[in-house]
Amino acid sequence: MNKENLKRYLEKLKSAYKRLKEVLNYSPNDWDIVLDATVQRFEFTFELSWKTIKRFAEILAAGECKSGRSCIKLAYRLGWIKDEKVWLNLLEARNLTSHTYDYEIAMRVYQTVKENIGAFEELIESLEKELKNL
């Protein structure tokens, strides 16, 4: 995998993040679909996040990770994320998404995402810096 491949991964992550941010401009109290859309967009943004971390780490020979949790821990050690606890909370929310048929759980996921949306931007900025240094 080369720099261009990393760039493509990062662009996909940026696009997913943008779409997640867009849906957070609306309230699930106004439309039920907002809750569903937020959960779905969060799922793919989170998955792309840790998989992008994995790809960057492989190319930069910065370490190895094979799961969301191990990639979060690696990104924290590398300084790509500043608050490991925020990311572990996001991981917990991601693990809850299979139970979002329960309104209370879905709202918990929604609140976690809304409160921690900036974590994705922080990661993207860190990875953009890494890409420039390649």
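Model, not experiment: these values are computed from the prediction.

Criteria and thresholds
- Residues numbered from 1 in each chain as written.
- Predicted model: local features only at pLDDT ≥ 70, side-chain atom pairs only at ≥ 80, totals over all residues.
- Heavy atoms only, no water.
- Axes fitted to C-alpha atoms, helices over the stretch in contact; angles between N-to-C directions.
- Helix = DSSP H or I, 4+ residues; strand = E, 2+ residues; numbered from the N terminus.
- Parallel < 35°, antiparallel > 145°, perpendicular 65-115°, else oblique.
- Left-handed = near helix turned anticlockwise from the far one by under 90°.
- Nonpolar A, V, L, I, M, F, W, Y, C, P; charged D, E, K, R; others polar.
- Expected span 1.5 Å × (residues − 1).
- Buried < 20%, exposed > 50% of the residue type's maximum accessible area, 1.4 Å probe, protein only.
- Arc of directions from axis to C-beta.
- Contact = heavy atoms within 4.5 Å.
- Polar contact = N/O pair within 3.5 Å; in protein donor to acceptor, adjacent residues only side chain to side chain.
- Core = buried A, V, L, I, M, F, W, Y, C linked by side-chain atoms within 4.5 Å.
- Phe/Tyr/Trp six-rings, centres within 6.5 Å; stacked < 30°, edge-to-face > 60°.

## Points about the packing of helix α1 (residues 3-23) against helix α2 (residues 32-59)
Two elements in contact, α1 and α2, have axes whose closest approach is 9 Å; the angle formed by their N-to-C orientations is 160 degrees. It follows that α1 is roughly antiparallel to α2 by the angle criterion. α2 is crossed by α1, and the crossing has left-handed handedness. Looking at the contact of α1 with α2, its residues break down into 15 nonpolar, 4 polar and 5 charged.

## A word on α1
The end-to-end C-alpha separation of α1 is 31 Å, in line with the 30 Å expected for 21 residues at 1.5 Å each. Among the residues making up α1, those that are buried are L6, L10, L13, A16, Y17, L20 and V23. Summarising the axial view, the buried residues of α1 lie within an arc of 145 degrees, below the 170-degree limit, and thus occupy one face. Away from its buried face by more than 90 degrees, α1 exposes K12 and K18. Considering only its buried residues, α1 is in contact with α2, α5 (103-116) and α6 (118-132). You can read the cap of α1 off the contacts: a side-chain oxygen lies 3.0 Å from the backbone nitrogen of E4, and it is on N2.

## Focus: the nonpolar core
With 44 residues, the main nonpolar core has F42, F46, W80, W87, L90, F120 and L123 as its most contacted residues. Secondary-structure elements contributing two or more residues to this core are α1, α2, α3 (68-78), α4 (84-96), α5 and α6. In terms of residue count, the dominant contributor to this core is α2 (10 residues). Each residue touching L123, except ones within four places of it in the same chain, is listed here: L13, S49, I53, W80, I81 and W87.

## Description of the packing of aromatic side chains
Scanning the entire structure with this criterion turns up 7 aromatic pairs. Aromatic pair F46 and W87: ring centres 6.2 Å apart, planes at 35 degrees, arrangement tilted. With F46 in helix α2 and W87 in helix α4, this pair connects stretches of sequence that are 41 residues apart. Since its relative accessible area comes to 1%, W87 is described here as buried.

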